[in-house]
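Okay, here's what each chain looks like letter by letter:
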Amino acid sequence: YTAKLRRHDVEVYDSTADRAAHRVRMIGHLRDAITAGDLSVHYQPKTDPATGQVHGAEALVRWEHPEHGRVSPDEFIPLAEQTGLIRPLTTLVLDTALATCAEWRRQGHHLGVAVNLSARSLSDTELPTRVGKALRRAGLPAAALTLEITETAVMADLGRSVAVLQDLRALGVRLSVDDFGTGQSSLAYLKQLPIHEMKIDRTFVLGLADDQGDAAIVRAALGLGHALGLRVVAEGVEDAVALALLADWGCDLVQGYHVSRPLPPDGFQQWLDTRNA
Ligand code: C2E
Ligand code: CA
Ligand code: CA
Ligand code: CA
């Protein structure tokens, strides 16, 4: 019995140690990637489902790891948050996205850009100042930028988040609640937040065409968002049926593989040009 237990202990220790070592290596690589500018940003269009008009794009960070290949942001964003790397990462994505947006505008496409903020950033009281500086560097009006935040992030430290959000809103930046419907306290806090936009989580949108429950949730979220005067975006639109239903229901903007996957800057520019041709 003791031998078995010991072996079990050793195994657990080994795998934990392995995981810890892997984590430390990944953190080092992520730090290098940020300093070397090896992260890139892809863009996924936000379009009007009724007219097809392009309103802007969401910036999504990408990391091509020299050994592990592409690492998902769902994996390295949490690492960045736990290690303080999130601040330089956010600044990098923000500067890149704003410079790209300024370039679209020079090419005659009057678009906005959306950048994701992590939970940690919302308790960073310096963030509004840094965002203001980034906008000035890019020479863009604040209204060109939307910041996407999850409700879980806001709830984590409500007092501080609301103060940061109010400063951001005072700058003229647009604020969007991401992954709506997946958090705990979706309704009570919504009217207290200084937000402009609500994004219905893709888990509800994916089932739209076949699942009456999902369809009901999406319609209820649309009704709620509109009653609060918000712009409502549906993410995860993967087929024409979902697109048609959302257009029918008055959804303001859609995002998803059916319209376009997230694209590198040159690919996005081409996508825009062929669409307007
Ligand atoms: P998110 O903000 O909810 O972003 C939407 C995710 O859905 C993206 O995954 C996008 O590629 C994916 N997606 C888009 N259309 C479809 C579709 O039709 N079907 C399906 N199944 N998926 C679709 P991605 O790029 O892997 O990003 C994952 C998450 O990582 C993001 O979720 C966001 O929370 C985080 N993230 C990405 N970039 C950044 C960043 O620059 N900063 C921060 N803080 N977080 C980021
Ligand atoms: Ca987002
Ligand atoms: Ca989302
Ligand atoms: Ca998400």
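Residues numbered from 1 in each chain as written. Chains lettered and ligands numbered in written order. Predicted model: local features only at pLDDT ≥ 70, side-chain atom pairs only at ≥ 80, totals over all residues. Heavy atoms only, no water.

- Looking up the protein in an unreviewed UniProt entry gives the name Diguanylate cyclase (GGDEF)-like protein, with the organism given as Blastococcus saxobsidens.

Here's the deal with the environment of proline 66
Link 1 in the chain: Mapped onto the elements of the fold, proline 66 is located in the loop between strand 2 (54–65) and strand 3 (69–71).
Link 2 in the chain: Of the residues examined, proline 66 reaches a relative accessible area of 75% and is grouped as exposed.
Link 3 in the chain: Proline 66 sits 37 residues away from histidine 29 along the chain, and the two C-alpha atoms are 9.0 Å apart. (Helix = DSSP H or I, 4+ residues; strand = E, 2+ residues; numbered from the N terminus. Buried < 20%, exposed > 50% of the residue type's maximum accessible area, 1.4 Å probe, protein only.)

Observations concerning unusual backbone geometry
Backbone phi values are negative for most residues with the exception of glycine, while trans is the configuration of most peptide bonds.
Link 1 in the chain: In this model, aspartate 179 sits at a positive phi of 55°, which is unusual for a non-glycine residue.
Link 2 in the chain: Among the secondary structure elements, aspartate 179 is positioned in strand 6 (residues 174–180).
Link 3 in the chain: Residue classification places aspartate 179 among the partly exposed positions, given a relative accessible area of 24%.

Some thoughts on the pattern of salt bridges
One side chain can pair with another of opposite charge once the charged atoms of both are near each other.
Link 1 in the chain: The full count for this structure, using the stated rule, is twelve salt bridges.
Link 2 in the chain: A salt bridge links arginine 70 to glutamate 64; the nearest nitrogen and oxygen atoms lie 3.6 Å apart.
Link 3 in the chain: Here arginine 160 ties to aspartate 157 by a salt bridge, and the two come within 3.4 Å at their closest N and O atoms.
Link 4 in the chain: Judged by relative accessible area, arginine 160 falls into the partly exposed class, the value being 43%.
Link 5 in the chain: Taken together, the shared-partner salt bridges connect Lys46, Glu58, Glu148, Glu197, Lys199, Arg231 and Glu235 into one network. (Salt bridge = Lys/Arg side-chain N within 4 Å of Asp/Glu carboxyl O.)

Comments concerning the coordination of the calcium ion (ligand 3)
Link 1 in the chain: Bound to the calcium ion (ligand 3) on the protein side are Asp178 (OD), Asp179 (OD), Glu235 (OE) and Glu235 (OE), at distances that span 2.2 to 2.5 Å.
Link 2 in the chain: Within one chain, the residues donating to the calcium ion (ligand 3) are spaced in sequence as D-D-x55-E.
Link 3 in the chain: Taken as a pair, the calcium ion (ligand 3) and the calcium ion (ligand 2) show a spacing of 4.1 Å, with aspartate 178 coordinating each metal. With aspartate 178 in strand 6 and glutamate 235 in the loop between strand 8 (231–234) and helix 9 (240–248), this residue pair connects regions lying 57 residues apart in the sequence.
Link 4 in the chain: Given a relative accessible area of 7%, aspartate 178 falls into the buried group.
Link 5 in the chain: Residue classification places glutamate 235 among the buried residues on the basis of a relative accessible area of 8%. (Donors = N, O, S within 2.8 Å, 3.2 Å for Na, K, Ca; no water.)

Let's talk about the site of ligand 1
Link 1 in the chain: Looking at ligand 1, there are 22 residues lining it, with Gln44, Arg62, Arg202, Glu238 and Tyr257 nearest.
Link 2 in the chain: Residue asparagine 116 places a side-chain N or O atom 3.1 Å away from an oxygen atom belonging to ligand 1.
Link 3 in the chain: Between ligand 1 and glutamate 238, the relevant distance is 2.5 Å, taken from a nitrogen atom to a side-chain nitrogen or oxygen of the residue.
Link 4 in the chain: For ligand 1, the protein covers 87% of the area, taking 800 Å² as the surface of the free molecule.
Link 5 in the chain: Spatially, ligand 1 is embedded in the largest pocket.
Link 6 in the chain: Contributions of two or more residues to the shell around ligand 1 are made by strand 2, helix 2 (73–83) and strand 6. (Near = heavy atom within 4 Å. Polar contact = N/O pair within 3.5 Å; in protein donor to acceptor, adjacent residues only side chain to side chain. Areas by Shrake-Rupley, 256 points an atom, 1.4 Å probe, with all protein chains shown as cover. 1 Å grid on protein atoms, 1.4 Å probe; cavity = no way out; pocket = protein on both sides within 12 Å on 5 of 7 lines; lining within 4 Å. Sits in = over half its atoms within 2 Å of the grid points.)

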